[in-house]
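# Summary of the model geometry
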Protein chains: 4
Amino acid sequence: MAGNTWGQMFRVSTFGESHGGAVGAVVDGCPAGLDLSEADIQPALDRRRPGQSSITTPRKEEDQIQILSGVFEGKTTGTPILLLAHNKDARSSDYHALLSVYRPGHADFTYEKKYGLRDWRGSGRASARETLARVAAGAIAQKYLRERCGVSFVSYVQQVGPIVAELPLGKLFIEDIEANMVRCPDAAKAAEMIALIEEVQSEGDSVGGVIRGEIRGVPAGLGEPVFDKLPAELGKAMLSINAVKGFEIGSGFAGVAWRGSQHNDAFGVDATGAVRPITNHAGGTLGGISTGELLYFRVAFKPVSTIRKRQETANKAGERIDLEAAGRHDPCVVPRAVPIVDAMAALVIMDLWMRHHTTARDLGAD
Amino acid sequence: MAGNTWGQMFRVSTFGESHGGAVGAVVDGCPAGLDLSEADIQPALDRRRPGQSSITTPRKEEDQIQILSGVFEGKTTGTPILLLAHNKDARSSDYHALLSVYRPGHADFTYEKKYGLRDWRGSGRASARETLARVAAGAIAQKYLRERCGVSFVSYVQQVGPIVAELPLGKLFIEDIEANMVRCPDAAKAAEMIALIEEVQSEGDSVGGVIRGEIRGVPAGLGEPVFDKLPAELGKAMLSINAVKGFEIGSGFAGVAWRGSQHNDAFGVDATGAVRPITNHAGGTLGGISTGELLYFRVAFKPVSTIRKRQETANKAGERIDLEAAGRHDPCVVPRAVPIVDAMAALVIMDLWMRHHTTARDLGAD
Amino acid sequence: MAGNTWGQMFRVSTFGESHGGAVGAVVDGCPAGLDLSEADIQPALDRRRPGQSSITTPRKEEDQIQILSGVFEGKTTGTPILLLAHNKDARSSDYHALLSVYRPGHADFTYEKKYGLRDWRGSGRASARETLARVAAGAIAQKYLRERCGVSFVSYVQQVGPIVAELPLGKLFIEDIEANMVRCPDAAKAAEMIALIEEVQSEGDSVGGVIRGEIRGVPAGLGEPVFDKLPAELGKAMLSINAVKGFEIGSGFAGVAWRGSQHNDAFGVDATGAVRPITNHAGGTLGGISTGELLYFRVAFKPVSTIRKRQETANKAGERIDLEAAGRHDPCVVPRAVPIVDAMAALVIMDLWMRHHTTARDLGAD
Amino acid sequence: MAGNTWGQMFRVSTFGESHGGAVGAVVDGCPAGLDLSEADIQPALDRRRPGQSSITTPRKEEDQIQILSGVFEGKTTGTPILLLAHNKDARSSDYHALLSVYRPGHADFTYEKKYGLRDWRGSGRASARETLARVAAGAIAQKYLRERCGVSFVSYVQQVGPIVAELPLGKLFIEDIEANMVRCPDAAKAAEMIALIEEVQSEGDSVGGVIRGEIRGVPAGLGEPVFDKLPAELGKAMLSINAVKGFEIGSGFAGVAWRGSQHNDAFGVDATGAVRPITNHAGGTLGGISTGELLYFRVAFKPVSTIRKRQETANKAGERIDLEAAGRHDPCVVPRAVPIVDAMAALVIMDLWMRHHTTARDLGAD
């Protein structure tokens, strides 16, 4: 069974290679009656788009999305939604020289091992262009969750290379994040990060980063033990994004050094009289189910594999190759990955939201 | 859709609460013709069993597994395998006082929010006793992969609280790991870890830890882009284990600070003439597909939630409760979690191995 | 991917061979809060049980079901329900002579071709004993649907061999059906059918039959186009039962000869002012979705394959074998298959009911 | 969970409404390395196309398919294949008058009940135009199965209204079937059928029919007990096609009247020395698994719901409506449904073929 579908209820099946005819997704299971048009999706795509600032790749891609089914008179009909973006800037000749080369850090080698052949134009299916489809589908989930359930997704860059920003949880606005091109809502740190990225860029090199994601307004009860726990689904979603090497939720790796008596979030009664955890070291889940508190997590991105700097590697025939990348690339992926993290988080919560409605309560008669 | 099944091909559906009638699993999709008996499973269960050493819970559980279907004359038949362990030491009266209390760090609160009611005896379905079923099913996968594909699973404790062992990759033997009761194959660090655990135990508290897992002998080609990439499936598997808060593969969070030119694993030709990566910062995958190199990853476990130390919390009615745990517990979960990490890793690789055989190559005629 | 699970939401995974340790099912996804005990399941099993009358097999089976997880204090908890029946009357020595014989009409040959080996004791996994698990799981679905949604399942024997009963739709009571041992609610035809079965039985032969099923009280809206239409799911469920060779819904094969102007069910307004179809040739669905009218369908069962009469066949080595069945068998399967048809119909409707609640309407905020 | 995906391994997800932007499918899981272009698909679509003869609807549809991903340099790459056909002849104004009318026999009523709203242009998602996507995806499966496994699909019209052709099993050629426009390979009966269809057409009415399908060359071993048996999957596939009301395999409903001693297919040794069934009343399966013999089955299609003849029905408001269809329609659907039956049969066998390779044998090491 191939792995190009996300979700059980809100099912997103993506397709497309960087230099094929089109990329996109079929969204099956979106509830009927949601107001939807391309204008609801495009803003998220614009945050992901190459060429949006001086620290992203100058490559121009056609990220114009079309809705070709599943919407009638401005509303979803409950039938599959086809989201399609044609590929335009397909300079596959750029890649012809790489036809039999295994670029370090890239999937050329593994796709060939797995499938016996590969589309060598611009990483083919392994290209980050595939995330366009995730962002488009995620925008639908975000809209549904915002309008019907009051859930919102707020991610931002917390670290670039060794530069770490101290940022408060649950308090940042989207405007703070969009205030600079690195999408780190700490102006001073953002300036440092940009300087580092520019330095790396000038060297023809790349650097990694960390995005912290917040999900606000998730009610208690989402997540499906024992295997499809909320952190498990969220972790899988993040680890399925290109270049991601780590995921943690709540106290994460740092919490390992704590004592249980410090780490445990005691329950108390809040101002409204509701029983809830007083602290939130857990990051919004217990036993794999949301507590109703802020969900927060961190995602580690390795340095971008495509660099201009000369590298030595081998080709299929085992010959030594000196590689200097002809393609255009990002020196650091995290600024453009922020909307991808939001999108994947939205796909997770949307699916768990829908799953919860069948597994967890008395459905009653209609 | 509830979440009690792991895998697409090698499907493991677990059931059971800590104090119900039984726990176990149905394994559907195990290839026919594998030699199998209870004796192949019991050793893994013994590594997970409570009461195995002075630093684990003294609670005795009945971990005797029975195979009740799917095996005939010592071989798997291709039909579902029922693995069953009856619950014996069911002192549910221990828990009656906790009927309406929300224990800090436990899933009492969230199960009640999700399902409207909960089995309050010893954490019910959220109990770590559920992992018995994972270990039993994982033992079948481990046996298959060892015998047919030469794959092995070697996990060990790398960190307890703040104590970190420096351990070489790909070189440790199971005997090194079993040499001490904390399962850290560095004798000096193990002694420090044990001392810390004993201290914490005497305080009625708990502490977290990190397990590093290795998977050896995985051929190139496993993993199903774009959503079911190998790191995504592995991360989900680990994050579905009780108390896990973080997962990283290869360079993980630390790799963020590197430059691409350092991080990229160049390809070269090895002594046998095969093209392969010379270094392995990636941790054995590229583009979500195995490279044929060692797979290694780290899993963060929070401090155990059950502690003897007095804690203040609330009950369902919003009343303040002083809680002193009557139940028996582990001061640190990682020594017993080592076989659970192995088992979940085996379920991931077994499933991806089987999936690869349908998605990736020309199946040909039989 | 093996095929031992039914359903997407109300997932039933069965296990067990006729002469292994146990048969049963794990039911995952049953909503929490349903009152449930073994007493809710046993009556359905008793209708399926061998040895219940003079026209069924005299073989005695242990059909006592246990619930070993997922129920606490008499209510479902939302976690997996293990239903287990141990095998007792396991006279596998009866079958030893058949070890390498391919019995005509049986699955001996195909299981061996598929899996390379087979459990030769009493048909193994292909035994009708497997339907015990379906009936047990179906009893839970029937209870839920009856109590929460007012849906009921009423099946009966309409044909045995060439003897066909004319029976009104939507008007029969369970008492009418249970009034005789062939479960045909037409006393005169039932007597003929019984006479035929007894004749066939005395000859050591067998005969087929047709069951008509009705599902009453299903609201409009169930069924998931385009592939998981209600008739498609229902047909698959019936065709997965041992010995079934045909399925039709509404006008079925006979409707082929009609004109569209006769067949089309016009809409009108009923006594309550509701718009609904005036006739119901469609059998309760349009476009694969329930209309709110009576669902009715017919299921064809071939003559039982096990007969006492001497048959000539071959064994694995290609040797000619004269076969006279030593085992005990039913001369006609339909009387005992009535509760199996009800159970499978209930699994279909329960699953589609739950699926409808996620796909079809605005879920709203909780 | 919505129902727009067929298959576990060879997964076909269709999308599109009759008058939306496009219809098509994403095929995920097609093995890499298959030669594929649009030219492999178009002939099957041409057999399905409206307007192909005087007895089909004169409506012209744009059935030109594009492959927009998953194929590189003429070969499948193992990544998702997007099949897309834009909608051109979208005279939705034809349908505006029907905006609130419930057409008899159509899904207008049920889609509205299910989703709360509906695309009223030409039946929307319930339109038979959706089957274009099935035929396109099925053509890929047919090509794979023909080239790699020697399996072929041969369906034809056996009955129109009351006119039944006697046709030999396993002996007909595609040329016999294409010899006339009704696709019944019995010239005399075909002439009668055409005369009947023309009569019905002139009356503005419609009539039903039966297609018999054959699948040749399927090896023994396909089908996944106990729920995903070959007849169950095949039956579901057929019952998911618009207008289908019945399915039978092998002896089907007629076999009910036989004795077991007549119906059982004894095993013998064939000319090549292989053990196999001598007769084939079973229709090519035993215990839900293919025997290696010819698979044959029958599919009943109701009379087309769209007729020109005046019909009385109701609208949403409960008002009486006199309906005379403005749209263009087929007087009998079976001639054009032949390639749809082939396509669905191919999707079933392809999926079971791939599933068999993971469930049924020792996969061995690569």
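Residues numbered from 1 in each chain as written. Chains lettered and ligands numbered in written order. Predicted model: local features only at pLDDT ≥ 70, side-chain atom pairs only at ≥ 80, totals over all residues. Heavy atoms only, no water.

### Describing the overall build of chain A
Helices and strands together make up the secondary structure of chain A, namely 8 helices and 18 strands. For a compact globule of 366 residues, the expected C-alpha radius of gyration is about 21 Å, and chain A comes in at 21 Å, within 12% of that figure. For chain A, the spread of C-alpha atoms along the three principal axes comes to 70 × 50 × 35 Å. Expressed as a percentage of its 366 residues, the buried residues of chain A come to 70%. Counting only contacts in chain A whose residues sit at least 6 apart along the sequence, the fraction spanning at least 24 positions is 70%. (Helix = DSSP H or I, 4+ residues; strand = E, 2+ residues; numbered from the N terminus. Rg over C-alpha atoms; globule rule 2.2 N^0.38 Å. Buried < 20%, exposed > 50% of the residue type's maximum accessible area, 1.4 Å probe, protein only. Contact = heavy atoms within 4.5 Å.)

### A short note on the pairing of strand S3 (residues 22–28) of chain A
Residues and elements named next belong to chain A. In terms of burial, S3 is largely enclosed, as 7 of its 7 residues are buried. Here S3 shows no split at all, with Ala-22, Gly-24, Val-26 and Asp-28 on one side and Val-23, Ala-25 and Val-27 on the other all buried. Here strand S2 (residues 11–15) runs beside S3; their pairing, made up of 5 bridges, is antiparallel. Each residue of the ladder has a partner; that of Phe-15, found in S3, is Gly-24. (Pairing = 2+ DSSP bridges.)

### Looking at unusual backbone geometry
With an omega of 5°, the peptide bond between Pro-225 of chain A and Val-226 of chain A qualifies as cis. One non-glycine residue, Ser-123 of chain B, adopts positive backbone phi at about 75°. Following the sequence through the fold, Ser-123 of chain B ends up in the loop between helix H2 (108–115) and helix H3 (131–149).

### What to know about the relation of the copies chain A and chain B
The transform that puts chain A on chain B rotates by 180° and translates by 0.0 Å along the axis, for an RMSD of 0.0 Å. Expressed as a symmetry operation, the mapping of one chain copy onto the other fits a two-fold axis. Interface overlap between copies: 100% of the residues of chain A at the interface are likewise at the interface in chain B, consistent with a symmetric, same-surface contact. (Least-squares fit on C-alpha atoms with pLDDT ≥ 70 in both.)

### Remarks on the sheet that holds strand S3 (residues 22–28) of chain C
In spatial order, the strands read S1-S2-S3-S7-S4 (chain C); together these 5 strands make up an open sheet with antiparallel pairing. What marks the edges here is a single partner per strand, and that holds for strand S1 (5–6) and strand S4 (66–67) of chain C.

### Some details on the interface of chain D and chain C
Contact residues are listed per partner, giving 112 residues for chain D and 112 residues for chain C. Its largest share of buried area at the contact with chain C, chain D owes to Met-1, Lys-114 and Phe-227 of chain D, together 11% of the area lost on that side. Inspection of the region where chain D meets chain C yields 10 salt bridges. The partner of Glu-203 of chain D in a salt bridge is Arg-259 of chain C, and the shortest N-O contact between them spans 2.8 Å. In this structure, the connection of chain D to chain C is made through 53 residue pairs in polar contact (both at pLDDT 80 or more). Grouping the constituent residues of the side of chain D that touches chain C by class yields 48 nonpolar, 39 polar and 25 charged. (Buried area = accessible area lost by both parts, 1.4 Å probe. Salt bridge = Lys/Arg side-chain N within 4 Å of Asp/Glu carboxyl O. Polar contact = N/O pair within 3.5 Å; in protein donor to acceptor, adjacent residues only side chain to side chain. Nonpolar A, V, L, I, M, F, W, Y, C, P; charged D, E, K, R; others polar.)

### Some words on the relation of the copies chain D and chain C
Superposing chain D onto chain C requires a rotation of 180° together with a translation of 0.0 Å along the rotation axis, leaving an RMSD of 0.0 Å. Counting the interface residues of chain D, we find that 100% of their copies in chain C are interface residues as well, pointing to one common contact surface.

### Side note on the interface of chain A and chain B
Contacts between the two partners involve 112 residues from chain A, matched on the other side by 112 residues from chain B. Buried area between chain A and chain B, summed over both chains or domains, comes out near 8,200 Å², and the portion from carbon and sulfur atoms is 61%. Contact with chain B buries surface across chain A, with Met-1, Lys-114 and Phe-227 of chain A losing the most and accounting together for 11% of the total. Across the chain A-chain B interface, the total number found is 10 salt bridges. Linking Lys-236 of chain A and Glu-233 of chain B is a salt bridge whose minimum nitrogen-to-oxygen distance equals 2.9 Å. At the boundary of chain A and chain B, one finds 53 residue pairs in polar contact (both at pLDDT 80 or more).

### Remarks on the sheet that holds S3 of chain A
Sheet strands line up and pair through hydrogen bonds in the backbone, either parallel or antiparallel. Residue and element names in this part refer to chain A. If you trace the 5 strands from one edge of the open sheet to the other, you get S1-S2-S3-S7-S4, paired in antiparallel fashion. At either end of the open sheet lies a strand with only one pairing partner, and these are strand S1 (5–6) and strand S4 (66–67). Here 2 bridges tie S4 to strand S7 (residues 81–86), and the two strands are oriented antiparallel to one another. Following the sheet pairing, Gln-66 is matched in S7 by Leu-84.

### Topic: the pattern of salt bridges
In the structure shown here, the tally under the stated rule is 118 salt bridges over all chains. The partner of Asp-46 of chain A in a salt bridge is Arg-49 of chain A, and the shortest N-O contact between them spans 3.2 Å. Lys-316 of chain C is paired through a salt bridge with Glu-112 of chain C; the nearest N and O atoms lie 3.5 Å apart. A residue pair is termed long-range when its members are at least 10 positions apart, and Lys-316 of chain C in the loop between strand S17 (311–314) and strand S18 (320–323) and Glu-112 of chain C in helix H2 (residues 108–115) qualify at 204 residues. With a relative accessible area of 12%, Glu-112 of chain C lands in the buried category. Residues joined by salt bridges that share partners form a network here, namely Arg-103, Asp-108, Glu-112, Arg-118 and Lys-316 of chain A.

### Things to note about H2 of chain C
Extensive coverage of H2 of chain C is indicated by the burial of 7 of its 8 residues. With its phi angle positive at about 85°, Gly-116 of chain C sits one or two positions after the end of H2 of chain C.

### Thoughts on the confidence of the model for chain A
Residue and element names in this part refer to chain A. Chain-level pLDDT for chain A is 93 on average; 93% of the residues reach the 70-or-more range. Here residues 359–366 scores under 50 on pLDDT; set against residues more than four positions off or in separate chains, the count is 30 contacts. With a pTM of 0.97, the predicted complex shows an ipTM of 0.96. (pLDDT = per-residue confidence, 0-100.)

### Let's talk about the environment of Thr-14 of chain C
All names here are of chain C. With respect to the helices and strands, Thr-14 occurs in strand S2 (residues 11–15). Residue Thr-14 is classed as buried on the basis of its relative accessible area of 0%. Separated by 116 residues in sequence, Thr-14 and Glu-130 place their C-alpha atoms 7.7 Å apart. Looking at Thr-14, its side chain comes within polar contact range of the side chain of Arg-125, at 2.7 Å.

### Notes on the side chain of Lys-245 of chain B
In this structure, Lys-245 of chain B sits in strand S11 (residues 244–249). Here Lys-245 of chain B sits buried without a salt bridge, and the closest side chain of opposite charge, Asp-265 of chain A, lies 7.1 Å off (N-O distance). Here the side chain of Lys-245 of chain B touches Ala-282 of chain A through a polar contact of 2.7 Å, landing on its backbone oxygen. Discounting residues that sit within four places of it in the chain, Lys-245 of chain B has contacts with Phe-247, Glu-248, Ile-249, Ser-251, Gly-252, Ala-282 and Thr-285 of chain A together with Leu-239, Ala-300 and Lys-302 of chain B. (Lys, Arg positive; Asp, Glu negative; His and termini not counted.)

### Quick look at the packing of helix H6 (residues 230–239) of chain A against helix H6 (residues 230–239) of chain B
Between H6 of chain A and H6 of chain B, whose axes approach to 8 Å, the crossing angle comes to 160°. On the basis of their axis angle, the class for H6 of chain A and H6 of chain B is roughly antiparallel. Note on packing geometry: the crossing formed by H6 of chain A with H6 of chain B is right-handed. On H6 of chain B, the residues that touch Pro-231, Ala-232, Glu-233, Gly-235, Lys-236 and Leu-239 of chain A of H6 of chain A are Pro-231, Ala-232, Glu-233, Gly-235, Lys-236 and Leu-239 of chain B. Here the residues of the contact of H6 of chain A with H6 of chain B are counted per class, giving 6 nonpolar, 2 polar and 4 charged. (Axes fitted to C-alpha atoms, helices over the stretch in contact; angles between N-to-C directions. Parallel < 35°, antiparallel > 145°, perpendicular 65-115°, else oblique. Left-handed = near helix turned anticlockwise from the far one by under 90°.)

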